[in-house]
Each structure stands twice: as C-alpha cells, then as structure tokens.
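These are the residues of each chain, in order.
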Amino acid sequence: MEQCASVEREVDRVLQKFLTYGQHCEQSLEELLHYVGQLRAELASAALQGAPLSATLSLVMSQCCRKIKDTVQKLASDHKDIHSSVSRVGKAIDRNFDSEICGVVSDAVWDSREKQQQVLQMAIVEHLYQQGMLSVAEELCQESTLNVDLDFKQPFLELNRILEALHEQDLGPALEWAVSHRQRLLELNSSLEFKLHRLHFIRLLAGGPEKQLEALSYARHFQPFARLHQREIQVMMGSLVYLRLGLEKSPYCHLLDNSHWAEICETFTRDACSLLGLSVESPLSVSFASGCVALPVLMNIKAVIEQRQCTGVWSHKDELPQTSDSNPPIKLICGHVISRDALNKLINGGKLKCPYCPMEQNPADGKRIIF
C-alpha cells in the first residue's frame, strides 16, 4: 500500500499543478486580451481622427508586443514544467512497482494458453455474477464461447435478485428465502430470519399509530426467537409506548436508523453464501488482494538471493525455498522465518541480514520452529 500511496502523491502533485496552471493561464490571457483591447481602441480612435501614429502609441505598441511575447514564453515554460512532473509519475511507478514478475511465476502456468485463458475467463465470470453484473457476465460468456451451467449460475441469480429487493427496502423475497431455509440457517446459528422480521416490525412502527395494531399482530413472528433474542424483542415492544408521541423523538429513535438496511444486506450475503457453499468475496478479488500482499515480498526475497548469489536456495520458479526435517524453518529475532539452508547462505562476515527487513543479527540467535 505504501507503493500505491507514493505514486498517488505524485499524481496529486501533477493534478495540483494542472489546476494552478489552468487558473494562471486563464488569468494571464484575460489580462492580455484586456490590454490589447484598450490599445486597439486607441489605434481606432487615432485612425478616425486622421492623425499620424504618435511616438507614444508606437512605444505602447512595442510594449504590447513585448508583453505578448513574455506571456506566451512564460506559459510555455510552465507547460513544459508540467511535462516533467508527468514524467515523474511514470518514474514513481517504475520505482515502486516491478513489472517483471516472471521470476516468481512457474513456467508451467503458461504451457497451455487455451486452458489458462479458460480458467481466467471463468474466474472473471464468477466475479461478475457475484458482483451482480449479470448482463456483463452473460455477454462475456457469449463472446468467449464459455459454457456455464445453469446450476452454477442459479445461486448467484437468486442472491442478486434478493439483494436488489433489499436495496429497494423490499423484505418479501428475503423473508421468503429465509423461511424456506430456516432449518439450515438454524444449524449455522444464523439470526437472519429474526433480523428480517425485526426490520419489518420497525417499518410498521415507522408508520405511526395507524400501524400499531398491525405491528402488535406481526409481533407473533418473534415467538420462535424469544429465547435467543429476548432483550431485543423487549426493546421493540417497549417502543410501542412512544408510538403516539413519535418514535423519532423517543429513546427508541435508534430503531429508525437507516444503517439497519446496510446491516441486513451484509447479514444476508454472509449467511446465504455460507449456506450455499459460496465465498462472501469472489475468488478473483481475494486472489488479487493476496497477490498485492505477497508479490512484493517474493520479489524482495528473489532480489536478495540474487544479490547474495545464493544459488540452489530457490532453484525453481514454481516454489519457494522449502523446509524439511533436514532443512527446518528458523525464526529470526526480527520475527521473520527462513530455512536453515537460506540462513547459512545469507551469513556474511559472521552477521546475518534478514531478507525481509534490514535488521542485522547474530545467526546463532535464530530459533528452530517445530510445527
């Protein structure tokens, strides 16, 4: 993240320069046009009078030409400075990100281009389905001739249909789904059905005194949840006392908070994915986030190993230095863990410099880890 922040700071500086330059350019040109306009009016007045061009006007015209030239040169110089700032953004990207990652990728990954492309397309399609971008996913399947079974798509279609309803504050589809899956949700210790009934009850309370009888009648839905959610049910029933005075001005005003809708969407997504055996986040987004965390570390290890010329520690691109009974993992005093062979090869002048951080230490201080 520090690399991203560093590049972002450079981009912010460039954007600020663009803004400042635009404002300065506009102001300078307006002043120049006003100055030229005045001179043009004086020349027109002199021409109407038939008088020859005076020495004063000649001097003013010379000054005007010089002012135009100086203004244009200054704007051109400022514009050139912006170009150098833009180039610094590119250098910041090159400095903070390593575009060459082949050294930490197995060659076998690219052996079958067709298979690799199909796996990638499938990961993208699953991500699109999970994000609710159904039409985009269908279009990608058609254009890539990727055959996706209906059984694979059905859970995503159902989840997104219910989530769309919840975003419209329609509890019907979610309640119907929760009731039909009640037993399995109870096995997961899920409180989804209760939270949906509670939110429906709160909506009735928001309707004012006219909805009091309907709210009391609906409260019967809380009976199966009385043992686990007794306190919450007591709070909701207590709020009925303030219904005629206005719930929004009562100690129970927190029940009307819109955050309950965002919470119910998160709860439904989490519990429904758990019940259906789906991950809450798409595998593609998780893989991307994991790669952002792991790749800089792997590149750092590779650079250190190459710098120290530790041949044989990382001999294959599809694996990290492996530990075994004969090559156990060693915990350094800085908290990082490397193999014993790596430790021995990284010793220089009786000192060891951790490949993950710059801490120098005594190799004898390393502790063997036993799993």
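Per-chain numbering applies: the sequence of each chain, read as written, is numbered from 1 onward. Since the coordinates come from a predicted model, pLDDT governs what is reported: local features require at least 70, and pairs of side-chain atoms require 80 or more to be given and counted, while whole-chain, interface and lining totals use all residues. Hydrogens are left out, water is left out, and the side-chain values use all remaining heavy atoms of the structure.

As named in an unreviewed UniProt entry, the protein chain is E3 ubiquitin-protein transferase RMND5B isoform X3, taken from Neomonachus schauinslandi. UniProt positions are given in the numbering used here, feature names are shortened, and annotations may be inferred rather than shown by experiment. Per UniProt, the comment on the protein chain under Subcellular location (unreviewed entry) is "Cytoplasm".

Colleague: Could you give an account of the overall build of the protein chain, naming the residues involved and the relevant values?
Modeller: Labels follow the DSSP assignment, with helices taken as runs of H or I lasting at least four residues and strands as runs of E lasting at least two, numbered in each case from the N terminus. Across its full length, the protein chain carries 13 helices and 6 strands. The 371 residues of the protein chain split such that 31% are buried. In what follows, residue pairs with any heavy atoms lying within 4.5 Å of each other are defined as contacts. Here the analysis covers contacts within the protein chain between residues at least 6 apart in sequence; of these, 59% occur between residues at least 24 apart. Areas reported as accessible are Shrake-Rupley estimates using a 1.4 Å probe. Residue values count occlusion only from the protein chains shown. Taken as a whole, the protein chain presents about 24300 Å² of accessible surface, with 55% of it coming from carbon and sulfur. Three exposure classes are used, based on accessible area relative to the maximum for each residue type with a 1.4 Å probe and protein chains only: buried under 20%, partly exposed in between, and exposed over 50%.

Colleague: Residue-level account of the sheet that holds strand E1 (residues 329–331), with values.
Modeller: Here a strand pair is declared whenever DSSP counts at least two bridges between the two strands. Reading across from one edge, E2-E1-E6 is the order of the 3 strands in this open sheet, with antiparallel pairing throughout. Bordering the open sheet on either side are strand E2 (337–339) and strand E6 (367–368), each of which pairs with just one other strand. Examined bridge by bridge, E1 and E6 share 2 bridges and lie antiparallel to one another. Note on E6: the bridge partner recorded for Lys 331 is Lys 367.

Colleague: Lay out the nonpolar core in plain terms, naming residues and giving numbers.
Modeller: Looking at soluble globular proteins, one finds that nonpolar side chains tend to be buried together. Core analysis: the biggest nonpolar cluster contains 38 residues, and Leu 166, Leu 196, Phe 201 and Phe 268 have the highest contact counts within it. With 8 residues, the single largest contributor to this core is helix H8 (residues 192–206). Setting aside anything within four residues of it in sequence, one finds Leu 166 in contact with Leu 171, Ala 174, Leu 196, Trp 261, Ile 264, Cys 265 and Phe 268. Only buried residues count toward a nonpolar core, which is a set of Ala, Val, Leu, Ile, Met, Phe, Trp, Tyr and Cys residues joined through side-chain atoms within 4.5 Å.

Colleague: Report on the state of the cysteines, specifying residues and quantitative values.
Modeller: Throughout this description, disulfide means a covalent bond between two cysteine sulfur atoms. Any cysteine sulfur atom paired with another within 2.5 Å is treated as part of a disulfide. Per the counting criterion, the structure on display carries 0 disulfides. Here Cys 354 is not disulfide-linked; the sulfur of Cys 334 is the nearest cysteine sulfur, at 3.6 Å. Using a relative accessible area of 4% as the deciding quantity, one classes Cys 354 as buried.

Colleague: Please set out the pattern of salt bridges residue by residue, giving values where relevant.
Modeller: Proximity of charged atoms lets side chains of opposite charge pair with each other. The salt bridge criterion pairs a side-chain nitrogen of Lys or Arg with a carboxyl oxygen of Asp or Glu, the two atoms within 4 Å. This model, assessed by the stated rule, comprises 9 salt bridges. Linking Arg 13 and Glu 10 is a salt bridge whose minimum nitrogen-to-oxygen distance equals 2.9 Å. Taken together, the positions of Arg 13 and Glu 10, both in helix H1 (residues 2–49) and 3 residues apart, correspond to about one turn of that helix. Under the relative-accessibility criterion, Glu 10 is labelled buried at 13%.

Colleague: I'd like a description of helix H5 (residues 150–167), backed by residues and values.
Modeller: Between its terminal C-alpha atoms H5 stretches 25 Å, which fits the 26 Å expected from 18 residues at 1.5 Å a residue. By the burial criterion, the buried members of H5 are Lys 153, Phe 156, Leu 159, Asn 160, Ile 162, Leu 163, Ala 165 and Leu 166. Among the residues trailing H5, Gln 169 stands out with phi positive, at a value near 60°. Each residue after the first adds 1.5 Å to the expected span of a helix.

Colleague: Quick one: what's the story with the confidence of the model for the protein chain, residue by residue and with numbers?
Modeller: Scored from 0 to 100, pLDDT records how confident the predictor is in each individual residue. For the protein chain, per-residue confidence averages 83 on the pLDDT scale, and residues scoring 70 or more make up 90% of the total. In the model of the protein chain, helix H12 (residues 283–307) stands out as the element of lowest mean pLDDT, 77, in contrast to helix H6 (residues 172–180), which has the highest, 92.

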